[in-house]
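# Fold and contact review
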Amino acid sequence: MKRLILAGAAVAGLIAGPAHAQDKLLNASYDIAREVFGAINAAFVPQYKTDTGRDITVDQSHAGTSKQARAIVEGLEADVVTFNQITDIDFLVKNGFVSEDWQADFPNNSSPWYSLPSFLVRAGNPKNIKDWNDLARDDVKVIFPNPKTSGNARYTYLAATAYAKEAFNNDDAKVKEFVTKVFDNVPVFDTGGRAATTTFVEREVGDVLITFEAETRGIAKEFGEDKFERVTPSVSLLAEFPVAIVDKVADKKGSRDAAKAYLGFLYSPQGQKIAAENGNRVQDEAVADAFKDQFPDVRLVTVEDVFGGWDKVQSEHFASGALLDQIYGDR
Amino acid sequence: MSRRRVLPGLHLSLGITLFYVAFIVALPLGALIFKAASLGPEDYWRIVSSPRAVASYRVTVLCALGATAFNLVFGMALAWVLVRYRFPGRRLVDAIVDLPFALPTAVAGIALTALFAQNGWFGSALAPLGITVAYTPLGIIVAMIFTSLPFIVRTVQPVLEDLDPALEEAAQTLGGSDGAIFMRIILPLLAPALLAGVSLSFARSLGEFGAIIFIAGNQPFETEITALLAFIRLEEYDYQAAAAIASVLLITAFVMLAVTNLIQARALRYMDRSRS
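Within every chain, residues take consecutive numbers counted from 1 along the sequence as written. Just so you know, chain letters begin at A and ligand numbers begin at 1, following the order they were written in. Two thresholds apply to this predicted model, a pLDDT of at least 70 for residue-level local features and 80 or more for giving and counting side-chain atom pairs, whereas whole-chain, interface and lining totals are computed over all residues.

## Brief notes about the overall build of chain B
Here is the rule: Numbering of helices and strands runs from the N terminus, with a helix taken as a DSSP run of H or I at least four residues long and a strand as a DSSP run of E at least two residues long. Each residue is classified by how many other C-beta atoms fall within 10 Å of its C-beta atom, where C-beta atoms are placed from the backbone; a count of 20 or more means buried, 12 or fewer means exposed, and values in between mean partly exposed. Whether two residues are in contact is decided by their C-beta atoms, placed from the backbone, lying within 7 Å.
Scanning chain B from terminus to terminus reveals 13 helices and 0 strands. Starting at the N terminus and ending at the C terminus, chain B contains elements arranged as α-α-α-α-α-α-α-α-α-α-α-α-α. In terms of its C-alpha atoms, chain B occupies a principal-axis envelope of roughly 65 × 60 × 30 Å. Here chain B holds 276 residues, and the buried ones make up 33% of them. Across chain B, the fraction of contacts at a sequence separation of at least 24, relative to all contacts at a separation of at least 6, is 77%.

## Looking at the domain arrangement of chain A
One frequent convention defines the size of an interface as the accessible area lost when the parts assemble. Residue and element names in this part refer to chain A. Spelled out, the test is: As annotated, the domain borders come from an automatic or database domain assignment.
Entries for chain A in the domain assignment read domain 1 (22–114 + 240–294) and domain 2 (117–237 + 298–329). Here the C-alpha centroids of domain 1 and domain 2 sit 26 Å apart. At the junction of the two partners, domain 1 supplies 14 residues and domain 2 supplies 16 residues. Counting residues per element, the side of domain 1 that touches domain 2 draws most heavily on helix H4 (residues 86–94), which supplies 3 residues.

## As for helix H6 (residues 105–116) of chain B
All names here are of chain B. Here is the rule: Take the number of residues in a helix, subtract one, and multiply by 1.5 Å to get its expected span. To be clear, the arc concerns the directions from the helix axis to the C-beta atoms.
For H6, built from 12 residues, the straight-helix expectation of 16 Å at 1.5 Å per residue is met to within 8% by its first-to-last C-alpha distance of 16 Å. When H6 is considered as a whole, its buried residues turn out to be Ala108, Gly109, Leu112, Thr113 and Phe116. Along the long axis of H6, the arc covered by the buried residues comes to 130°, so they all point the same way. Where H6 is buried, its residues touch helix H5 (99–102), helix H7 (121–126), helix H8 (137–162) and helix H11 (212–215).

## Here we look at helix H7 (residues 172–184) of chain A
Residue and element names in this part refer to chain A. The terminal C-alpha atoms of H7 lie 18 Å apart, and with 13 residues this matches the ideal 18 Å at 1.5 Å per residue to within 8%. Every buried residue belonging to H7 is among Val175, Phe178, Val179, Val182 and Phe183, and all of these are buried. Angularly, the buried residues of H7 cover 140° about the axis, an arc narrow enough to put them on a single face.

## Digging into the confidence of the model for chain B
Parts of the prediction with low pLDDT should not have their coordinates interpreted in detail. Threshold: Summary of the metric used: pLDDT quantifies the predictor's per-residue confidence within the range 0 to 100.
Residues of chain B with pLDDT of at least 70 account for 96%, and the chain-wide mean is 88. Confidence scores differ between elements of chain B, with helix H13 (residues 239–275) of chain B showing the lowest mean pLDDT of 84 and helix H3 (residues 51–84) of chain B the highest of 94.

## Some details on the packing of helix H3 (residues 65–73) of chain A against H4 of chain A
For any two helices packed against each other, the geometry is given by the interaxial angle and the distance between the axes. All names here are of chain A. The criterion, for reference: An axis is simply a line fitted to the C-alpha atoms; with a helix, the fit covers only the stretch in contact. Between two such axes, the angle follows the N-to-C directions and lies from 0 to 180 degrees. Small angles under 35 degrees read as roughly parallel and large ones over 145 as roughly antiparallel, with 65 to 115 read as roughly perpendicular and the rest as oblique. Crossing handedness is defined as follows: a turn of the near helix away from the far one that is anticlockwise and smaller than a right angle gives a left-handed crossing, while the clockwise case is right-handed.
For the pair H3 and H4, the least separation of the axes is 9 Å and the interaxial angle reads 15°. Between H3 and H4, the angle falls in the class roughly parallel. Between H3 and H4 lies a crossing of right-handed hand. The segment H3 lies against H4, with Thr65, Ser66, Ala69, Ile72 and Val73 engaging Asp88, Phe91 and Leu92.

## Quick notes on the packing of helix H6 (residues 151–167) of chain A against H7 of chain A
Residue and element names in this part refer to chain A. Rules: Each residue gets one label: Ala, Val, Leu, Ile, Met, Phe, Trp, Tyr, Cys and Pro are nonpolar, Asp, Glu, Lys and Arg are charged, and the others, such as Gly, are polar.
In the contact formed by H6 and H7, the axes pass within 9 Å of each other and the chain directions differ by 140°. Between H6 and H7, the crossing angle belongs to the class labelled oblique. The two elements H6 and H7 cross, and the hand of that crossing is right-handed. Residues Ala160, Thr161, Ala164 and Lys165 of H6 lie in contact with H7, whose contacting residues are Val175, Phe178, Val179 and Val182. Counted by class, the contact of H6 with H7 contains 6 nonpolar, 1 polar and 1 charged residues.

## A short note on the sheet that holds strand S8 (residues 228–231) of chain A
All names here are of chain A. Put simply, the rule is: In this analysis, strands are considered paired if DSSP registers two or more bridges between them.
Across the sheet, 4 strands lie side by side as S6-S7-S5-S8; this open sheet has mixed pairing. At either margin of the open sheet sits one strand with a lone partner, and together these are strand S6 (142–143) and S8. The pairing of strand S5 (residues 117–122) with strand S7 (residues 208–212) spans 5 bridges and is antiparallel. Across the sheet, Ser118 pairs through a bridge with Thr211, a residue of S7. Here helix H8 (residues 193–201) sits on the sheet and contacts S6 and S7; the angle it forms with S7, its principal contact strand, is near 155°. Relative to the sheet, helix H9 (residues 213–223) contacts S5, S7 and S8, its axis offset from that of S8 by approximately 160°.

## Let's talk about the interface of chain A and chain B
The partner chain B presents 20 residues to the 20 residues of chain A that form the contact. Sorting the residues of the side of chain A that touches chain B by element identifies H3 and helix H16 (323–329) of chain A as the ones contributing at least two each. Here the side of chain A that touches chain B gets 3 residues from one element, more than from any other, and that element is H3 of chain A. Broken down by class, the residue content of the side of chain A that touches chain B amounts to 6 nonpolar, 7 polar and 7 charged.

## Quick look at the sheet that holds strand S3 (residues 80–82) of chain A
Residues and elements named next belong to chain A. Strand order in the open sheet made by the 4 strands is S2-S1-S3-S11, with mixed pairing throughout. In this open sheet, the two edge strands, each paired with only one partner strand, are strand S2 (56–62) and strand S11 (243–245). Pairs of neighbouring strands in the sheet enclose a mean axial angle of 20°, with direction left out of account. Pairing analysis gives 7 bridges linking strand S1 (residues 23–29) to S2, with the strands arranged parallel. Residue pairing in the sheet places Lys24 in a bridge with Thr57 of S2.

## Overview of the pairing of S7 of chain A
Residues and elements named next belong to chain A. Within S7, 5 of the 5 residues are buried, leaving the element largely enclosed by the surrounding structure. Where S6 and S7 come together, 2 bridges link them in parallel fashion. Of the residues in S7, the one forming a bridge with Val142 is Val208.

## A closer look at the environment of Ala42 of chain A
Looking at the element boundaries, Ala42 of chain A is found in helix H2 (residues 34–52). C-alpha of Ala42 of chain A to C-alpha of Phe83 of chain A: the two residues are 41 residues apart in sequence and 20 Å apart in space.

## As for the nonpolar core
The nonpolar side chains of a soluble globular protein tend to be buried, and buried together. Short version of the rule: Each nonpolar core comprises buried Ala, Val, Leu, Ile, Met, Phe, Trp, Tyr and Cys residues, the members being joined through C-beta atoms within 7 Å.
If you look at the biggest cluster of nonpolar residues, it comprises 153 residues, and the most contacted ones within it are Val80 and Val246 of chain A together with Ile215 of chain B. Built from parts of two domains, this core gets at least three residues from each of domain 1 (22–114 + 240–294) and domain 2 (117–237 + 298–329) of chain A. Non-local contacts of Val246 of chain A, meaning those with residues more than four positions away in its chain, are made with Ile72, Ala78, Asp79, Val80, Val81, Leu92, Phe97 and Val98 of chain A.

## What about the environment of Glu224 of chain B?
Residues and elements named next belong to chain B. On the secondary structure map, Glu224 appears in the loop between H11 and helix H12 (226–235). Under the C-beta neighbour-count criterion, Glu224 is labelled buried, with 26 such atoms within 10 Å. As for Glu224 and Asp94, which are separated by 130 residues in sequence, their C-alpha atoms are 33 Å apart. For Glu224, the residues in contact, after removing those within four places along its chain, are Ser56, Val59, Asn218, Gln219 and Leu229.

In structure tokens, the structure reads:
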């Protein structure tokens, strides 16, 4: 009899389960953000419980952010996006999924942390790679993913271009020649940041990996600090990681409050600390101070200053037949 | 004279079949064509004839030809061994042949890359010979071979099983050499099945994506396959260009399958006639 009651209770529990709905969020994010959001979510769940008394689960989806944006437009019900590129959120704006003034929703243009394209070389830096100009040397093999399929690599391309623009005084022909040389040194174009990491680390292809600083730190931690060395170039490009509530989905699912709490948590001291622990540079001064030794000084330029904004970058560099395609075509 | 029908009711079975074909096969392909057709003919031609697209066709088709040629020889030999010989573990080998059907192609791609990379088991053995497989067209061929092998084995196997060894024995007693028996007795009988296997294997290789992108270097003009180029266009939110490039693959595969069907139908008619 007791067993019967237990079984009955279990069945009732199963049926009643969805009724007192648990809060649920889906976060669509970029390829190499698995670790940081794994840690963020683990910290956010108890915090949310304390704040609201409600249980919540946060599911993650990771892929190239263009793919994520496309998936959302085609029906992936992500409540929030945490991307590494403004252009991909703009695509959601254009399709009516995110409100136009999303950058005003959260502090710092809705970018809770930032990073920059940085270098990872093999132990001892055998090829003596120090800065962008070393990447154009004939004896250096460079690994980064395909800028056409990876936001990560788009930053790499832009950072190399920004360096060349300074070095050659905006001489377009020379800039193009320099960037072409760098691209000629890439033996494998993977489709995403993580795949490029695998090529460099596991397959032992190439002399230098260029990826977000956050990823170079993660690799060194994961595979042993003695196997790789991080190199910070003299100048790099500010890579903001924008976040937004996907209004259309949040309104439909009634998850706006939870989504807001979640993205807000990224700015809390706790969230900022986790981000910094995972190699991201953060705005919170106390946290930034505490992690100061981890992040060497570097001069950062912005897409706005160097290239006149993302729209221009898109049409002049990444569109079909634009500069990047010409660089591929010149090979 | 009415034939006995195994399936119930012509209307029901026809209805289900047409429904299936329309919704599962024709609709997605129709959507693809529709998307591509929303481009004007000039834009369409500009996209599908761009140097980079043409280079990707060359890479894809040449690698698919290489892989299919390899599978033609190796797949037929494998089918032959599985049918004609009894050895311990035969059933296991027989089952393993189907594995590429079941294995997610991305898993196959990653496994092959791990094996053939400079520091992998095969890659490190091949390196002293000056052969690099991973990140070269050779890698694409290897991935295509892996994913399309079952097609040839599985189409040839049943025909071989039905092949009466008495035919070969008769030829032997009449003084036919091994080569002559193979060329003039076995091969003609296998030809329709081989053709079917080859065309399926080739079509599969044309469309393979998951396994290849891991092992190919994905270098434009060198190791960039057509499917990847379509994927890249999608990443640029350029749905039409992606559809245009994909339509080239689709049309190629369709034309080829149609042609082989035609040849097969003719071969069957020929065989029927020679029998009666």
